[in-house]
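The chain contents come next:
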Amino acid sequence: MKKHNYSAGPCILPQEVFEKSAQAILDFNNSGLSILEISHRSKDFVAVMDEARALVLELLGLEGKGYEVLFLGGGASMQFLMAPYNLMKVNGKAAYLDTGTWASGAIKEAKHFGETVVVASSKSENYNHIPKSYIIPADADYFHCTSNNTIFGTQMKSFPEVNVPLVCDMSSDIFSRVLDFSKFDLIYAGAQKNMGPAGATLVVVKTEILGKTGRTIPSILDYQQHVSKESMYNTPPVFPVYASLLTLQWLKKLGGISAIEKINETKANLLYTEIDRNPLFKGTAAKEDRSNMNATFLLNDKVHQEKFDAMWKAAGISGLAGHRSVGGYRASMYNAMPIESVQVLVDVMQQLESKI
Ligand SMILES: *Cc1c(COP(=O)(O)O)cnc(C)c1O
């Protein structure tokens, strides 16, 4: 039986993406070849790459606004260093908002390239909220933030007005909600949270911000190199790009980001309402910053843990354990998670209450 997959990543994808991907592994576009064995230079795959890149701009509302789309390897973690390498000037300075494990990972890598100012951090409260008031140095080469903190279950509901390039790690909530994406100069996201299988990383960059550092950047780490080769500087992650394209097509058919945003809000409301209502549970993130993608919560009394764990597992739920740094539970409700699966979890929470 198919599980209700609450994994934080790699994570659930639409069923039709699994089916079409499986078919393409056997025979891609009736070519007599598997997607796993075709050349990335073949006409059929170049068409996949072109469509995927175009669809990203279309879904984000960035067509004709000076942005380029890349599908790179190395994960979002590689972007922790590619962003400063490409944007921080020699003897320059970058500003970072520290909202969690991934944000602090990005800060660590930026320090290799120059002065890295942490404008605010919620670390001392175990990242249970998003800092709201901070000053971004006017002479920073860019400001970096993390839109959704996958591990701690917090999400930036607004973004600061900045006069420097705005860089955002959107790994775990890209394509999940309507934003004015044109406010951002560089967006990156590992595919495996909301777009496709692990192995591809999406980079959306406003090209006018590139080429200004005075650094010599090794080609493979240079956004301009990848842009000039239309994301084919070297062999791209062919299969993850194809599966990502299928997910983007699915999203477009569904009505795009504004349609999925409503569904995501409904799912999140359903679960948070139960977390707040049910006396056995409590949420761990500040209410105003709660993520619509990753809901983190605890049992008020750990004595019920064994029973609850057995119950959700018996209900066909998978991947609900919280990250080790937070404990408790984390329900990741990415785009492809159906509301029916959220209802199954809510039902189990209510059954636990009625048994105690
Ligand atoms: C998972 C995650 C990462 C790390 O992604 P990798 O692709 O494993 O490098 C970075 N940032 C955020 C917000 C994430 O959720």
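Computed from a predicted structure; not experimentally measured.

Caption draft 1: Spatial organisation of the nonpolar core. F71, F143, F175, V204, L271 and F308 are the most contacted members of the largest nonpolar core, which totals 89 residues. No fewer than three residues from each of domain 1 (15-254) and domain 2 (257-355) sit in this core. When residues no more than four places from it in sequence are discounted, the contact partners of L271 are A295, A331, M333, V342, L345, V346 and M349. Membership of the second largest hydrophobic core comes to 27 residues, among which are L186, V205, Y223 and V227.

Caption draft 2: Spotlight on the domain arrangement of the chain. What the domain assignment reports for the chain is domain 1 (15-254) and domain 2 (257-355). Between the C-alpha centres of domain 1 and domain 2 the distance comes to 27 Å. On the side of domain 2, 26 residues touch domain 1, which itself brings 28 residues to the contact. A combined buried area of about 2100 Å² lies between domain 1 and domain 2, and 54% of that area is made up of carbon and sulfur atoms. Across the domain 1-domain 2 interface, the total number found is two salt bridges. The shortest N-O distance in the salt bridge between K132 and D289 comes to 3.0 Å.

Caption draft 3: Fine view of unusual backbone geometry. Cis geometry is found at the peptide bond from G9 to P10, where omega equals -10°. Locating P10 in the fold gives a position in the loop between β1 (4-5) and α1 (15-26). A positive phi angle is found at N29, which is not glycine, with a value near 55°. In the Ramachandran plot, N91 falls in the positive-phi region, its phi being about 60° despite a non-glycine side chain. With respect to the element layout, N91 can be found in the loop between α3 (75-87) and β3 (93-98). Owing to a relative accessible area of 78%, N91 belongs among the exposed residues under this scheme.

Caption draft 4: How the structure looks around the site of the ligand. Taken together, the neighbourhood of the ligand is formed by 13 residues, with S77, T150, D169, Q192 and K193 sitting nearest. Interatomic distance of 3.0 Å between a backbone N/O atom of A76 and an oxygen atom of the ligand. The side chain of Q192 places a nitrogen or oxygen atom 2.9 Å from an oxygen atom of the ligand. Starting from 390 Å² of accessible surface for the ligand in isolation, the protein chains cover 88%. Element by element, the count of residues in the shell around the ligand is highest for α3, at four residues. Each residue belonging to the shell around the ligand can be placed in one class, and the counts come to three nonpolar, eight polar and two charged.

Caption draft 5: The arrangement of the sheet that holds strand β12 (residues 294-299) in detail. Reading across from one edge, β11-β12-β14 is the order of the three strands in this open sheet, with antiparallel pairing throughout. Both outer strands of the open sheet, β11 (281-283) and β14 (329-332), are each paired with one neighbouring strand and no more. The sheet shows a mean angle of 35° between the axes of neighbouring strands, direction not considered. Pairing of β12 with β14 involves four bridges; the strand directions are antiparallel. Residue pairing for β14: N294 is matched across the bridge by S332. Here helix α7 (residues 256-277) sits on the sheet and contacts β11, β12 and β14; the angle it forms with β12, its principal contact strand, is near 20°.

Cut-offs applied
- Counting of residues starts from 1 at the beginning of each chain's written sequence and follows it residue by residue.
- Per-residue local features are limited, in this predicted model, to residues with pLDDT of at least 70; the limit for side-chain atom pairs, both in listing and counting, is 80 or more; totals at the level of whole chains, interfaces and linings are taken over all residues.
- Excluding hydrogens and water, the side-chain values take into account all heavy atoms of the structure.
- We call a set of buried Ala, Val, Leu, Ile, Met, Phe, Trp, Tyr and Cys residues a nonpolar core when their side-chain atoms join them within 4.5 Å.
- Any residue under 20% of the maximum accessible area for its type is buried, any over 50% is exposed, and the rest in between are partly exposed; the area is computed with a 1.4 Å probe on protein chains only.
- All the domain ranges listed were derived from an automatic or database domain assignment.
- Contacts are assigned to residue pairs with any non-hydrogen atoms lying within 4.5 Å of each other.
- Two parts placed together each lose some accessible area under a 1.4 Å probe, and the buried area is that loss summed for both.
- By definition, a salt bridge exists where a carboxyl oxygen of Asp or Glu is found within 4 Å of a side-chain nitrogen of Lys or Arg.
- Going along the chain from the N terminus, every DSSP run of H or I of four or more residues is numbered as a helix, and every run of E of two or more is numbered as a strand.
- Any residue with a non-hydrogen atom lying within 4 Å of a molecule or strand is treated as near it.
- The term polar contact refers here to a pair of N or O atoms within 3.5 Å; inside protein, the definition further demands a hydrogen-donor-capable atom paired with an acceptor-capable atom, and it admits residues adjacent in sequence only when both atoms are side-chain atoms.
- Accessible areas in this description were obtained via Shrake-Rupley with a 1.4 Å probe; residue shielding takes into account the shown protein chains only.
- Gly falls in the polar group here, along with every residue not listed as nonpolar (Ala, Val, Leu, Ile, Met, Phe, Trp, Tyr, Cys, Pro) or charged (Asp, Glu, Lys, Arg).
- Any two strands with at least two DSSP bridges between them are considered paired.
- Only the stretch in contact is used when fitting a helix axis, every axis being a line fitted to C-alpha atoms; angles between N-to-C directions are given from 0 to 180 degrees.

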